[in-house]
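Geometric and topological summary
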Amino acid sequence: MTEFWVGTSWKMTKTLGPAREFARGLRARRDWPVRPFVIPPATALATVAAELGPDSPVRLGAQNAHWEDAGAWTGEVSVPQVADAGATMLEIGHSERREHFAETDERVNLKVHAALRHGLLPLICVGESAEVRRAGGAAEFVADQVRMALAGVPDAVPALIAYEPIWAIGAAGRPAQPEAVAEIAATVAAAAGARATVLYGGSVDLGNAVDLALVPGIGGLFVGRAAWQVSDYLSIVDRVGERLG
Ligand SMILES: O=C[C@H](O)COP(=O)(O)O
């Protein structure tokens, strides 16, 4: 297995049946040429964890958790709760959460600390809007997001940073060019130091995965729609694994 990460977030898709089916497809896989991870909705975490089994090489993540450990926060889940359900990593600061759920840089930082307090690996999402990129401020914007997310976190603590430009995400998005990704990967590395592994996300698919995986400074791919079928996810894993292996 290379150290290169390839994972998918299901966002708000899949009830328990399809979640179980995806997890069975992962469990059936014996050899992994990359470091796999899957990030189901909170409702499916325990089911997927049970299907994967205790020693699975597939890392399980939660899409969100509150920064407090417990309390009167109706509708929220805490880091201890998602950990109890099987998560060992925590996605924080996805642009959809920043835009729709008031996930500010301050809250991102609180959630990073909460994840680390409970031994979860933070997967911190950063990325600029189309307006910021057009104005020439993408690198500075992303560097600021990274610095604020990691404020107060000791240098030696590992973290994954997913660079996901907002304009690249989703059905209306277009994948970033490798040159732009390389520039931001270097920017993130400078802001976060050696503890950070930089992933790229935003309209990754089978056709562009290798080009994006080969970008200097990129240590993983974070895939959405193109990996929501387990066979499609495994095709991306295989194609990237063949080129990096
Ligand atoms: O969580 C994954 C990213 O938001 C990318 O989503 P996408 O591959 O569907 O553009």
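Residues numbered from 1 in each chain as written. Predicted model: local features only at pLDDT ≥ 70, side-chain atom pairs only at ≥ 80, totals over all residues. Heavy atoms only, no water.

Under an unreviewed UniProt entry, the name given to the chain is Triosephosphate isomerase, and the organism recorded is Occultella glacieicola. Listed in UniProt under the heading Subunit (unreviewed entry), the comment for the chain reads: "Homodimer." (UniProt positions renumbered as here; feature names shortened; annotations may be inferred.)

To continue, consider the pattern of salt bridges. Within the structure shown, the criterion is met by 14 salt bridges. A salt bridge links R117 to D69, with the nearest nitrogen and oxygen atoms 3.0 Å apart. Here R117, found in helix α5 (residues 105-117), pairs with D69, found in the loop between β3 (59-62) and α3 (79-84); they are 48 residues apart in sequence, far enough to count as distant. Taking the relative accessible area as the measure of exposure, D69 reaches 33% and is therefore partly exposed. D105 is the partner of R98 in a salt bridge, and the nearest nitrogen-oxygen pair spans 2.8 Å. (Salt bridge = Lys/Arg side-chain N within 4 Å of Asp/Glu carboxyl O. Helix = DSSP H or I, 4+ residues; strand = E, 2+ residues; numbered from the N terminus. Buried < 20%, exposed > 50% of the residue type's maximum accessible area, 1.4 Å probe, protein only.)

Ranked by internal contacts, the top residues of the largest apolar core, which has 70 residues, are L26, Y200 and L221. Here L221 is in contact with F4, W5, V6, G7, F37, L199, Y200, V204, A209, L212, A213 and V240, once residues within four sequence places are set aside. (Core = buried A, V, L, I, M, F, W, Y, C linked by side-chain atoms within 4.5 Å. Contact = heavy atoms within 4.5 Å.)

Here the focus is the site of the ligand. Taken together, S9, K11, H94, E164, A168, I169, G170, G202, S203, F222, G224 and R225 form the complete shell of residues around the ligand. For the ligand, an oxygen atom lies 2.8 Å from a polar atom in the backbone of G170. Burial of the ligand by the protein chains amounts to 99% of its free accessible area of 300 Å². Here the shell around the ligand is composed, by residue class, of 3 nonpolar, 6 polar and 3 charged. (Near = heavy atom within 4 Å. Polar contact = N/O pair within 3.5 Å; in protein donor to acceptor, adjacent residues only side chain to side chain. Areas by Shrake-Rupley, 256 points an atom, 1.4 Å probe, with all protein chains shown as cover. Nonpolar A, V, L, I, M, F, W, Y, C, P; charged D, E, K, R; others polar.)

The terminal C-alpha atoms of helix α7 (residues 138-149) lie 17 Å apart, and with 12 residues this matches the ideal 16 Å at 1.5 Å per residue to within 8%. When α7 is considered as a whole, its buried residues turn out to be A138, A139, V142, A143, Q145, V146 and A149. Buried residues in α7, looked at end-on, bunch into an arc of 160°, giving them a common side. On its buried face, α7 is in contact with α4 (95-100), α5, β5 (121-126), α6 (130-134), β6 (159-163) and α8 (178-192). (Expected span 1.5 Å × (residues − 1). Arc of directions from axis to C-beta.)

By the secondary structure assignment, V77 is in the loop between β3 and α3. The exposure class of V77 is partly exposed, given its relative accessible area of 28%. Along the sequence, V77 and A62 sit 15 residues apart, while their C-alpha atoms lie 9.9 Å from each other. Not counting chain neighbours up to four residues away, the residues in contact with V77 comprise N64, A65, H66 and V82.

This part takes up the environment of E99. Structurally, the position occupied by E99 is in helix α4. E99 sits 75 residues away from R174 along the chain, and the two C-alpha atoms are 19 Å apart.

Attention now moves to the sheet that holds strand β7 (residues 196-201). Strands sit in the order β1-β2-β3-β4-β5-β6-β7-β8 around a closed barrel of 8 strands; the barrel is parallel. Strand-to-strand twist across the sheet, computed as the mean angle between neighbouring axes with direction ignored, equals 25°. Sheet topology places strand β1 (residues 5-9) next to strand β2 (residues 35-39); 5 bridges connect them, and they run parallel. Each bridged residue has a counterpart across the sheet, and for G7 the counterpart in β2 is F37. Docked against the sheet, helix α2 (residues 45-52) engages β2 and β3, running at close to 175° with respect to β3. Lying on the sheet, helix α10 (residues 230-244) is in contact with β1, β2 and β8 (220-223); it crosses β1 at an angle near 165°. (Pairing = 2+ DSSP bridges. Axes fitted to C-alpha atoms, helices over the stretch in contact; angles between N-to-C directions.)

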